[in-house]
Amino acid sequence: DVKVTQSSRYLVKRTGEKVFLECVQDMDHENMFWYRQDPGLGLRLIYFSYDVKMKEKGDIPEGYSVSREKKERFSLILESASTNQTSMYLCASIKSRGATNEKLFFGSGTQLSVL
Amino acid sequence: GNSVTQMEGPVTLSEEAFLTINCTYTATGYPSLFWYVQYPGEGLQLLLKATKADDKGSNKGFEATYRKETTSFHLEKGSVQVSDSAVYFCALSPISSGSARQLTFGSGTQLTVLP
């Protein structure tokens, strides 16, 4: 089965730090996503990428950027972390761009705390 | 726009009780509908899906029927187990979008099953 690996399970950072969250998938999926999960709000899409070096903004991109230099790796960057970015971050991938009927494969998440 | 509304949790049941988690949606056309489950400490994983009206998705004793007339996709299980304790997310993907970016999640429902 597809494996989506997020580099850290827990991360604690200070306000103003630059933060990198890494995600790797091992099944040659074209689409990769970054969501944040907050209680009562469900999952909100931050950014997604449908190909190497391609990216599109999701619903809440402010304060974030992304990088996709290789097909298997999708990084989320917090340029200057703030306390309101404390959240669970989930990476996901799906095989092809038009695969609206297929399932997303998720990583196990990174719980980020910004102090 | 598209939206998904789930019953608010948390839901607490005794083992072997009947479970219903309500989900209604708003979308144009004929979306695909999904239930994802998130066990403690893990990412989301697909539980079941339905791609057209009157389809029934089923998996692990859970069922949900795509009801176009009531725009609903309620999750049911006849007899829950302690191991079913998790957060459940309803989601939709508009079939006509051609982009996996359009997946919309509900806010999630926390289920706790007591022995």
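A. Examining the environment of Ser32(B) more closely. Its location among the elements puts Ser32(B) in strand β5 (residues 32–38). Each C-alpha atom of the pair Ser32(B) and Ala53(B) lies 9.2 Å from the other, and the pair is 21 residues apart in sequence.

B. Inspection of the state of the cysteines at higher detail. In this structure the tally under the stated criterion is 2 disulfides over all chains. Each disulfide pairs two cysteine sulfurs, and for Cys23(A) the partner residue is Cys91(A), the sulfurs being separated by 1.9 Å. Disulfide Cys23(A)-Cys91(A): the torsion about the S-S bond is -75°, which places it as left-handed. Residue Cys23(A) is found in strand β3 (residues 19–25), and its partner Cys91(A) is found in strand β9 (residues 87–94); the two are separated by 68 residues along the sequence. Residues Cys23(A) and Cys91(A) agree in their burial class; the two are buried. Paired by a disulfide, Cys23(B) and Cys90(B) hold their sulfur atoms 2.0 Å apart. On the sign convention where negative means left-handed, the S-S torsion of about -70° between Cys23(B) and Cys90(B) marks this disulfide as left-handed. A residue pair is termed long-range when its members are at least 10 positions apart, and Cys23(B) in strand β4 (residues 23–26) and Cys90(B) in strand β10 (residues 86–93) qualify at 67 residues. Taken individually, Cys23(B) and Cys90(B) each receive the classification buried, so the pair is uniform in this respect.

Rules and cut-offs
- Each chain carries its own residue numbering, running from 1 in the written order of its sequence.
- Numbering of ligands from 1 and lettering of chains from A proceed in the order in which they are written.
- Only residues with pLDDT of 70 or above have their local features reported here, since the model is predicted, and side-chain atom pairs are shown and tallied only from 80 upward, although totals for entire chains, interfaces and linings are computed over all residues.
- For the side-chain quantities, the full set of heavy atoms in the structure was used; hydrogens and water were omitted.
- A run of DSSP states H or I qualifies as a helix once it reaches four residues; a run of E qualifies as a strand once it reaches two. Both are numbered from the N-terminal end.
- Our working definition of a disulfide is a cysteine sulfur pair at a distance within 2.5 Å.
- Only protein chains enter the area calculation, which uses a 1.4 Å probe; residues under 20% of their type maximum are buried, those over 50% are exposed, and those in between are partly exposed.

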